[in-house]
Amino acid sequence: MRVLIIADVHGNLPALEAVLADAGPVDEVWSLGDLVGYGPHPNEVVQLLRSLPFRSLAGNHDWGATGQADLAVFNADARAACQWTDEVLTHETREYLLGLEVSSVFGSVHVAHGSPREPLWEYLTNVRLAEINFGYFGTQVCLVGHTHVPIMFRWRQGVHGAGAFLTAVPNAGDAIDPEDDRLIFNPGSVGQPRDGDPRAAYARYEPATGRFTFHRVAYDIAATQAAMGAAGLPERLAFRLQYGS
Ligand code: ZN
């Protein structure tokens, strides 16, 4: 079995289509939340993914765009995008988003949008926070999104009891094997990367071997920006896509 892992698609259809084409045939697609918000194609993204063998969690923007989160917690651009999304969501997309869980176990992997401790809102940006969060899930591996920055935290149990926490930033093409370690892995964002690389980020996973691979793929950023302009979404949100910031 082969699984495509995506996070933070954020209504960016050209980015999602590029990822699906680059990943090739897979048996399942797992999303770590934030299907909508920021981007111009929330209904198209949800419709396309639901035509596949697909599972998703809710992210904070999925909640923001469906009246489940107080928009005061978002910055002005994110809030404007949530409001725009709320207005254009079809009944079908809205019902789907409203039904999403905030954390779960897919296969044998714990999944949460932000963190296992605080699934919708916590940003796992450093090893100190990761260390705490290893206590909040029971599986060997946890997948998260939310920061839009690919990163891997690894906890290695020492022979004499003391463990070691390691952090690594994956490069495109890297394979990640948990071996006997526990992992928290963030595959980055499909629709709005923020690590300085504007290409869409995603991962593939082979449950039989436990191996993850990390990938980047270029997409038609200008097409997404044009659709954002036509929709009247904030200019800064379109601009940042070309810098991956
Ligand atoms: Zn997001």
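Further up the page is the structure itself.
Residues numbered from 1 in each chain as written. Predicted model: local features only at pLDDT ≥ 70, side-chain atom pairs only at ≥ 80, totals over all residues. Heavy atoms only, no water.

The subject of this paragraph is the overall build of the protein chain. Looking only at helices and strands, the protein chain features eight helices and 12 strands. Overall, the C-alpha framework of the protein chain stretches about 60 × 35 × 30 Å when taken along its three principal axes. Looking at the protein chain as a whole, 55% of its 245 residues are labelled buried. When contacts within the protein chain are restricted to residue pairs at least 6 apart in sequence, long-range pairs at least 24 apart make up 70% of them. (Helix = DSSP H or I, 4+ residues; strand = E, 2+ residues; numbered from the N terminus. Buried < 20%, exposed > 50% of the residue type's maximum accessible area, 1.4 Å probe, protein only. Contact = heavy atoms within 4.5 Å.)

Judged by pairing direction, the sheet is mixed, and its six strands sit side by side in the order β3-β2-β1-β11-β12-β9 without closing on themselves. Looking along the sheet, the strands with just one partner apiece sit at the ends: β3 (54-56) and β9 (175-176). Relative to strand β12 (residues 211-217), β9 runs antiparallel, the two being bridged by two bridges. Among the inter-strand pairings, isoleucine 176 is bridged to a residue of β12, identified as phenylalanine 212. (Pairing = 2+ DSSP bridges.)

Before going further, it helps to examine the nonpolar core. Counting residues in hydrophobic clusters, the biggest one holds 42 residues, and the most contacted among them are Leu4, Ile6, Val19, Leu35, Leu49 and Leu97. When contributions to this core are tallied by element, the ones reaching two or more residues are β1 (3-6), α1 (13-23), α2 (42-50), α4 (76-88), α5 (91-98), β11 (200-206), α7 (221-231) and α8 (235-241). If you tally residues by element for this core, the top one is α1, at seven residues. Filtering out sequence-adjacent residues up to four positions away, valine 19 remains in contact with Leu4, Ile6, Val190, Ala200, Tyr202 and Val217. Core analysis: the next-biggest nonpolar cluster, separate from the first, contains 20 residues, Val3, Ile176, Phe185 and Phe214 among them. (Core = buried A, V, L, I, M, F, W, Y, C linked by side-chain atoms within 4.5 Å.)

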